[in-house]
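Geometric and topological summary
Residue strings, one per chain:
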Amino acid sequence: SQELEQSPQSLIVQEGKNLTINCTSSKTLYGLYWYKQKYGEGLIFLMMLQKGGEEKSHEKITAKLDEKKQQSSLHITASQPSHAGIYLCGAVHRRTSYDKVIFGPGTSLSVIP
Amino acid sequence: SAVISQKPSRDICQRGTSLTIQCQVDSQVTMMFWYRQQPGQSLTLIATANQGSEATYESGFVIDKFPISRPNLTFSTLTVSNMSPEDSSIYLCSVSDRDYGYTFGSGTRLTVV
């Protein structure tokens, strides 16, 4: 099984609706990162979470880290077509500054106007 | 955040040939990471490159196929050797960025024909 799982695999929502994407790790989390990728483009950094219970928001996107459950969630409020893309969570499983990031399989989000 | 310049941005190569991808960072970094993203898939870590030592390869990746150089703290190359159509992917380099998680280059889109 994969070290990181994401759910759902894909999501189609009406513009204006809220949505949540989950990322679950099979190992202890020492850092959790959320990225967005549009087709054919590079990765856009969204959030970095490093402490249990940490919650960060940027514009209409909020990410939380539940360290005990080894989970993170990404919530988008009042979705817009510009939110469409692939959302990737990446995890660091060691307590160092420079360890490798392992990525989940991604969640494809489509927002219908 | 660190700025990464990756070259080439795309290439079409004949099977059996090799391609070297360059990654230049605008600041000194300890670790550089090379990822592969196969069509429709998430990112898979190929290897971690530490300046002054041999790269550390992930399971399923070998030095003969993906030799890596790391001559200084701002530069690294990844070579994809003896290419086959299965090597058609996007290859990305990444560095750790204290405030922005891990920064990625824009990627090299490789097509092997």
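Right above here is the structure, for reference.
Fair warning: this is a prediction, and the values are worked out from it, not measured in the lab.

1. A closer look at the overall build of chain A
When its secondary structure is counted, chain A shows zero helices and eleven strands. Since a compact globule built from 113 residues should have a radius of gyration of about 13 Å, the 13 Å found for chain A is in line with a globular shape. Within the span of chain A, comprising 113 residues, buried residues form 45% of the whole. Counting contacts in chain A only where the partners sit at least 6 residues apart, residues at least 24 apart contribute 54% of the total. Of the accessible surface of chain A, which amounts to about 6,000 Å², a share of 46% is contributed by carbon and sulfur atoms.

2. Here's the deal with the state of the cysteines
Residue and element names in this part refer to chain A. Applying the stated criterion to the full structure yields two disulfides over all chains. Each sulfur of the disulfide joining Cys23 and Cys89 lies 2.1 Å from the other. Taking the sign of the S-S torsion, 75° for the link of Cys23 and Cys89, the bridge is right-handed. You can see Cys23 sitting in strand 3 (residues 19-25) and its partner Cys89 sitting in strand 9 (residues 85-92), a full 66 residues away along the chain.

3. Topic: the pattern of salt bridges
All names here are of chain A. A complete count under the given rule lists four salt bridges over all chains for this structure. Among the ionic pairs, Glu3 bridges to Lys27, the shortest N-O distance being 3.5 Å. Of this pair, Glu3 sits in the segment before strand 1 (4-7) while Lys27 sits in the loop between strand 3 and strand 4 (31-37), placing them 24 residues apart in sequence. We note a salt bridge from Lys56 to Glu54, for which the minimum N-O separation is 3.6 Å.

4. Quick notes on the sheet that holds strand 7 (residues 61-66) of chain A
Within a sheet, each strand pairs with its neighbour through backbone hydrogen bonds, oriented either parallel or antiparallel. Residue and element names in this part refer to chain A. Spatial ordering of the open sheet is given by 1-3-8-7-6, a layout of five strands whose pairing is antiparallel. A strand with exactly one partner marks an edge of an open sheet, and here the two such strands are strand 1 and strand 6 (55-58). Shown here is a sheet whose adjacent strand axes are inclined to one another by a mean of 15°, direction ignored. In this sheet, strand 7 lies alongside strand 6 in antiparallel orientation, the contact comprising four bridges.

5. Observations concerning the packing of aromatic side chains
What characterises a pair of aromatic rings is the spacing of the ring centres plus the angle enclosed by the ring planes. Summed over all chains, the structure comprises ten aromatic pairs over all chains. Consider the rings of A:Tyr33 and B:Tyr102, whose centres lie 5.3 Å apart with planes at 85°: the pair is edge-to-face. Placement of A:Tyr33 in strand 4 and of B:Tyr102 in strand 10 (residues 101-104) is noted, with the two residues assigned to different chains. Side by side, A:Tyr33 and B:Tyr102 carry an identical accessibility label, which is buried.

6. Describing the side chain of A:Thr107
Residues and elements named next belong to chain A. Summarising the element assignment, Thr107 is placed in strand 11 (residues 107-112). Among the polar contacts listed, one links the side chain of Thr107 to the side chain of Gln6, at a separation of 3.3 Å. Within the structure, the side chain of Thr107 is placed 2.7 Å from the backbone oxygen of Pro8, a separation counted as a polar contact.

Quick notes on the rules
- The numbering scheme is per chain: residues are counted from 1 as the chain's sequence reads.
- As a convention, the first chain written is A and the first ligand written is 1, with the rest following in written order.
- Since the coordinates come from a predicted model, pLDDT governs what is reported: local features require at least 70, and pairs of side-chain atoms require 80 or more to be given and counted, while whole-chain, interface and lining totals use all residues.
- Hydrogen atoms and water are omitted, and side-chain values are computed over all heavy atoms in the structure.
- What counts as a helix is a DSSP run of H or I of at least four residues, what counts as a strand is a run of E of at least two, and both are numbered from the N terminus.
- C-alpha atoms define the radius of gyration, and 2.2 Å times the number of residues to the power 0.38 defines the globule rule.
- Partly exposed residues are those whose accessible area sits between 20% and 50% of the maximum for their type, while under 20% is buried and over 50% is exposed, using a 1.4 Å probe and protein chains only.
- Contacts are residue-level and defined by heavy atoms, with any inter-residue pair within 4.5 Å sufficient.
- Only the protein chains shown count as cover for residues, and all accessible areas are computed by the Shrake-Rupley method using a 1.4 Å probe.
- Note on disulfides: each one is a pair of cysteine sulfur atoms within 2.5 Å.
- Here, a salt bridge means any side-chain nitrogen of Lys or Arg that lies within 4 Å of a carboxyl oxygen of Asp or Glu.
- Strand pairing follows a simple DSSP-based rule, namely that at least 2 bridges must link the two strands.
- An axis is simply a line fitted to the C-alpha atoms; with a helix, the fit covers only the stretch in contact. Between two such axes, the angle follows the N-to-C directions and lies from 0 to 180 degrees.
- Between 30 and 60 degrees the pair is tilted, below 30 it is stacked and above 60 it is edge-to-face, where a pair is any two Phe, Tyr or Trp rings, Trp via its six-membered ring, whose centres lie within 6.5 Å.
- Contacts described as polar in this section are N or O atom pairs within 3.5 Å, which, within protein, must combine one atom able to donate a hydrogen with one able to accept it, while residues neighboring in sequence count only if both atoms come from side chains.

Shape descriptors only; they carry no functional weight alone.
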